[in-house]
Amino acid sequence: MELKIVSTTCPYCGTGCGLNLVVRDEKVVSVAAWQRHPVNEGKLCPKGRYAHEFIHRKDRLTKPLIKKDGKLVEASWDEAYELIATKLKTYKPEEMACLASARVSNEENYLMQKFARAVLKTPNVDHCARLCHSSTVAGLAASFGSGAMTNNIQDIAESKCVFVLGSNTFEQHPLIGRSIVRAKQKGARVIVFDPRYTPTAKQADLYKSFYSGTDVAILNAMMQHIIKNGWEAKEYIENRTKDYEKLKAVVMKPEYSLENVSGISGIPAKDIAMAAEWFATAPSACLLYSMGITQHTTGVDNVKSVANLLMLTGNIGKVGGGVNALRGQNNVQGACDMGCLPNVYSGYQKVIDEPAVKKMKEAWGCDVAGGKIGYTVTEMMDVLTENPPKLKAIYIMGENPMISDPDLKHVEHALKNLEFLVVQDIFLTETAQLADVVLPAACYAEKDGTQTSTERRVQRWHKAVNPPGEAKADWEILCELGRKMGFEKQFSFKSPEEIFNEVARVTPSYGGMSYKRLEPEGLHWPCPAADHPGTPILHTQKFANPDGLGVFTPIEYKPPAEVTDAEYPFILTTGRCIWQWHTGSMTRRSESLEREAPTGWIEINTEDAKALGIRNNEMVRAITRRGEVQVAARVTGDIRKNVMFMPFHYAECPANVLTNNALDPIAKIPEYKVCAVRVEKIKEA
Ligand code: SF4
């Protein structure tokens, strides 16, 4: 019995841990430590440890499926391709859309946006980054000229003050949590503000709970206190930034006094002051955030406020500083880099810039969609519910909006209004069940490729086993379909490496990368030339804006789109747990993970539960303006009074039936983190 060890990266979060797949008899039987991997050094969180368990599940998709008489039935690849090609040719470009995936490789994402723009000629391509970090891309790009995490993961350990705002790092990016621990061991102070007393909060030197959605007010109050005390980085502000006076005019307003913001946020004034002092006077300070900052109708404002604080204290472009925007999924950074957004080609080259359009036309040797920004995911769902719907066909690769998107009744209504839906996935997800054609795809262990983690590290995937049955890698499917639709030359790739070489040719930040150079530990972009070592820390000399300066943006506090009232008196916030991953299509099929957290719950503060007469584990009805869900109560002192929390992984009690699809006006990200809810006891019959 011969064992084969294949190194690759973890298919779950954006940390990008390296792992070794143990293969015996063409089966991945275990995951072993990759001791020398620079990010995780042989350690794995439970999801990484059990990342092999779903691979050989019997319910993997193994053959294409076509809907006949309302039922999905097995078909040949030829039949499926013929149907897709014939149907898609009947629609106008603006009637079609493609959703790429944060779960698949860079090469596959690059091909999906190429398929949309070169074959379908549609500008409508997006993916789930819209739902997690689109506000980061917009907010940081406006402030720094680049929308990515500024420092690398190991660098967090060098910080002397780590401020975690809107991230449950120890559960959602556990191996990044190690860097926080290391920073602490080296004397750093850790501040955590979160409505829940999470495992991350338990590591803090200063923890305070607050009302979800009040981040801008808190950050403005901290900045006011810093300026009042003269702790701002005067030289840095003078030499490296602009519009400081505009920022000052807003943050110094009386409404952002410590006392006033204490009333808004629920954090005592002295603690906001202490956080401000610790952050501003530390030799280096960084801020870690995730979806607690981004998933708001003020998501872009929140991100710009974070950028303001970091520039005010001179903490961008230095060791131990930085805005560490922690990306959720393993390749969400890469899917954005590859141009799976409606406004940019790969490398954030704008579709409305004529030279960029010309460049892509020349590179691809055909006419391409350009000059117009397409629909975002959230806009797609909205235009699908118009009468008549503006979209007719959507091709979804590796996404499950029927669990992940806000206001699920609205999403279901939208997807059912489609004339033609193609879903390419590894399991028959809730979304795939609605499809007209389902294409069986390979999972991470069954293909070569690259992914880009939250710290901009581009790393290799190595194929360990063949996909099951007739399933194929996403890149093979897209190439075969592209050729079938008449784009022989544009989709002639024989391997992921050939695709990556094209990515490097057309994407300046990946220009110096090759498969050879990515072994064994990867490279951080930007890496513009073959002799460039990569860039672990951004903005060390100048910002990426044309004039090299960082831009302060004055931001006023705005309350969430939906606030509590007599009918819906509690704030509902949503998120994840350490055992499950997003819509659960992989983790819920992993025995060791599912066993630990087999169904959903709603966290209710002990005092609130007492007032409502609700006991721990009792089934309750959670109701918002959009729908209701029956779910078990988890009564706990670890959540702020008047705030409730639900994980969104569970189809049997889907939190996103309840969430609000109100959008940030710039990033179009929905406000998953705040809506108004009421909870009722279920009366026994
Ligand atoms: Fe995988 Fe993230 Fe856990 Fe690392 S921290 S093992 S990347 S889920």
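It should be emphasised that the depicted structure is a prediction, and the values quoted were computed from it without experimental measurement.

**Student:** I keep staring at the overall build of the chain and nothing clicks. Help me out?
**Tutor:** Secondary structure summary: the chain contains 25 helices and 28 strands in total. Its C-alpha atoms give the chain a radius of gyration of 24 Å, near enough to 26 Å, the size a compact globule of 685 residues would have. The principal-axis extent of the C-alpha atoms belonging to the chain is close to 70 × 70 × 60 Å. Counting only residues that meet the buried cut, the chain has 65% of its 685 residues in that class. Put simply, of all contacts in the chain between residues at least 6 apart along the chain, 74% involve residues at least 24 apart.

**Student:** It is not clear to me how the sheet that holds strand 8 (residues 161-165) should be interpreted in this structure. Could you clarify?
**Tutor:** Adjacent strands of a sheet form backbone hydrogen bonds with each other and so pair up, either parallel or antiparallel. Read across the open sheet, the five strands follow the order 10-9-8-12-13; overall the sheet is parallel. Both outer strands of the open sheet, strand 10 (206-208) and strand 13 (323-325), are each paired with one neighbouring strand and no more. If you compare each strand with its neighbour and ignore which way they point, the axes differ by 15° on average. Sheet topology note: the strand 12 (residues 285-289)/strand 13 ladder contains three bridges and is parallel. Paired with Tyr289 across the strands is Ala325, a residue of strand 13.

**Student:** I tried to follow the domain arrangement of the chain on my own but got confused; where do I start?
**Tutor:** In terms of domains, the chain is made up of domain 1 (3-49), domain 2 (65-129 + 333-524), domain 3 (134-325) and domain 4 (570-681). Using only C-alpha atoms to locate each centre, domain 2 and domain 3 end up separated by 35 Å. At the junction of the two partners, domain 2 supplies eight residues and domain 3 supplies 11 residues. Across the domain 2 to domain 3 interface the summed buried area is about 700 Å²; carbon plus sulfur atoms make up 54%. For the domain 2 face of the interface with domain 3, the top three residues by lost area are Thr454, Glu455 and Arg456, together amounting to 62%. Between the two partners, domain 2 and domain 3, sit zero salt bridges. Connecting domain 2 to domain 3 are five residue pairs in polar contact (both at pLDDT 80 or more). Taken together, the residues of the side of domain 2 that touches domain 3 sort by class into two nonpolar, three polar and three charged.

**Student:** Sorry if this is basic, but what is going on with the environment of Val181 here?
**Tutor:** Here Val181 shows up in helix 8 (residues 174-185). For the pair Val181 and Val323, spaced 142 residues apart in sequence, the C-alpha separation works out to 18 Å. Other than its neighbours up to four places away in sequence, Val181 contacts Phe170 and Gln203.

**Student:** It is not clear to me how the sheet that holds strand 1 (residues 3-9) should be interpreted in this structure. Could you clarify?
**Tutor:** Across the sheet, three strands lie side by side as 1-2-3; this open sheet has antiparallel pairing. In this open sheet, the two strands that pair with only one neighbour each are strand 1 and strand 3 (27-33). Taking each pair of neighbouring strands and ignoring which way they run, the sheet shows an average axis angle of 30°.

**Student:** Hey, could you run me through the site of the ligand in this one?
**Tutor:** All residues in the neighbourhood of the ligand are listed as Cys10, Tyr12, Cys13, Thr15, Gly16, Cys17, Leu44, Cys45, Gly48, Pro174 and Leu175. Grouping the amino acids of the shell around the ligand by side-chain chemistry returns eight nonpolar, three polar and no charged.

**Student:** Before we go on, may I ask you to explain the UniProt feature "domain: 4Fe-4S Mo/W bis-MGD-type" (unreviewed entry) in the chain in this structure?
**Tutor:** Following the UniProt record, one finds the feature "domain: 4Fe-4S Mo/W bis-MGD-type" (unreviewed entry) at residues 3-59. In this annotation, residues 3-59 is assigned 7% helix and 37% strand; the end-to-end C-alpha distance for the span is 25 Å.

**Student:** Teacher, can you tell me more about the side chain of Thr200 here?
**Tutor:** Residue placement: Thr200 occurs in the loop between strand 9 (189-193) and strand 10. Engagement of the side chain of Thr200 in a polar contact is seen with the backbone nitrogen of Thr169, the distance being 3.0 Å. The residues touching Thr200, leaving out its near neighbours within four places in the chain, are Val164, Ser167, Asn168, Thr169, Phe170, Glu171 and Val192.

**Student:** What is the right way to read the pairing of strand 19 (residues 449-452) from this model?
**Tutor:** Moving residue by residue along a regular strand, the side chains alternate between the two faces of the sheet. Of the two faces of strand 19, the one lined by Gly449 and Gln451 and the one lined by Thr450 and Thr452 are each fully buried. Direction of pairing for strand 19 relative to strand 20 (residues 457-461): antiparallel, over a ladder of four bridges. In the sheet register, Thr450 faces strand 20, and the bridge partner there is Arg460. In this antiparallel pair of consecutive strands, strand 19 and strand 20, the connection spans four residues, and Arg456 shows a positive phi of 65°.

**Student:** Is there a simple way to think about the environment of Gly374 in this case?
**Tutor:** Mapping Gly374 onto the fold places it in the loop between helix 17 (354-364) and helix 18 (377-384). The sequence separation of Gly374 and Phe420 amounts to 46 residues, and the corresponding C-alpha distance is 19 Å. Excluding residues within four positions of it along the chain, Gly374 makes contact with Pro123, Asn124, Pro342 and Glu379.

**Student:** Please explain the packing of aromatic side chains as it appears in this structure.
**Tutor:** Aromatic ring pairs are described here by two measures, namely the spacing of the ring centres and the angle between the planes. With the rule as written, the count across this model stands at 15 aromatic pairs. Both rings, one in Tyr110 and one in Trp364, keep their centres 6.2 Å apart while their planes meet at 80°; by these two values the pair is edge-to-face. In this pair, Tyr110 is assigned in helix 3 (residues 106-119) and Trp364 in helix 17, connecting sequence segments 254 residues apart. For Tyr110, a relative accessible area of 0% puts it in the buried group. With relative accessibility at 2%, the residue Trp364 sits in the buried group. Taken together, a centroid distance of 5.1 Å and an interplanar angle of 50° make the contact between Tyr197 and Tyr207 tilted. Pair noted here: Tyr197 is in the loop between strand 9 and strand 10 and Tyr207 is in strand 10, with a separation of 10 residues, a long-range link. On the accessibility criterion, Tyr197 (33% relative accessible area) is partly exposed.

**Student:** Which parts of the structure should I look at to understand the nonpolar core?
**Tutor:** The tendency in soluble globular proteins is for nonpolar side chains to be buried as a group. In terms of nonpolar packing, the biggest core is built from 63 residues, with Leu88, Leu111, Phe115, Tyr395, Leu439 and Met513 touching the most fellow members. With seven residues, the single largest contributor to this core is helix 3. Apart from the residues lying within four places of it in its own chain, the contact partners of Leu88 are Met96, Phe115, Leu120, Ala393, Phe420 and Met485.

**Student:** Just checking my understanding: could you explain the packing of helix 12 (residues 258-265) against helix 13 (residues 269-281) for this structure?
**Tutor:** For any two helices packed against each other, the geometry is given by the interaxial angle and the distance between the axes. For the pair helix 12 and helix 13, interaxial distance at closest approach is 8 Å and the crossing angle is 110°. In terms of orientation, helix 12 and helix 13 fall into the roughly perpendicular class. Residue-level inspection shows Leu258, Glu259, Val261, Ser262 and Ser265 of helix 12 in contact with helix 13, the latter providing Ala269, Ile272 and Ala273. A breakdown of the residues in the contact of helix 12 with helix 13 according to their chemical character gives five nonpolar, two polar and one charged.

**Student:** So what exactly am I meant to see when it comes to helix 5 (residues 134-144) here?
**Tutor:** Structurally, the α-helix is built with 3.6 residues per turn, so residues lying three or four positions apart point the same way. Across the 11 residues of helix 5, eight count as buried, placing the element largely inside the fold. Buried residues of helix 5: Ser134, Ser135, Thr136, Val137, Gly139, Leu140, Ser143 and Phe144, and no others. Those residues of helix 5 hidden inside the fold are in contact with helix 4 (129-132), strand 12, helix 14 (291-294), helix 15 (299-312), strand 13 and strand 22 (550-551). Positive phi appears at Gly145, one or two residues downstream of helix 5, with a value of about 90°.

Thresholds applied
- Residues numbered from 1 in each chain as written.
- Predicted model: local features only at pLDDT ≥ 70, side-chain atom pairs only at ≥ 80, totals over all residues.
- Heavy atoms only, no water.
- Helix = DSSP H or I, 4+ residues; strand = E, 2+ residues; numbered from the N terminus.
- Rg over C-alpha atoms; globule rule 2.2 N^0.38 Å.
- Buried < 20%, exposed > 50% of the residue type's maximum accessible area, 1.4 Å probe, protein only.
- Contact = heavy atoms within 4.5 Å.
- Pairing = 2+ DSSP bridges.
- Axes fitted to C-alpha atoms, helices over the stretch in contact; angles between N-to-C directions.
- Domains from an automatic or database assignment.
- Buried area = accessible area lost by both parts, 1.4 Å probe.
- Salt bridge = Lys/Arg side-chain N within 4 Å of Asp/Glu carboxyl O.
- Polar contact = N/O pair within 3.5 Å; in protein donor to acceptor, adjacent residues only side chain to side chain.
- Nonpolar A, V, L, I, M, F, W, Y, C, P; charged D, E, K, R; others polar.
- Near = heavy atom within 4 Å.
- UniProt positions renumbered as here; feature names shortened; annotations may be inferred.
- Phe/Tyr/Trp six-rings, centres within 6.5 Å; stacked < 30°, edge-to-face > 60°.
- Core = buried A, V, L, I, M, F, W, Y, C linked by side-chain atoms within 4.5 Å.
- Parallel < 35°, antiparallel > 145°, perpendicular 65-115°, else oblique.

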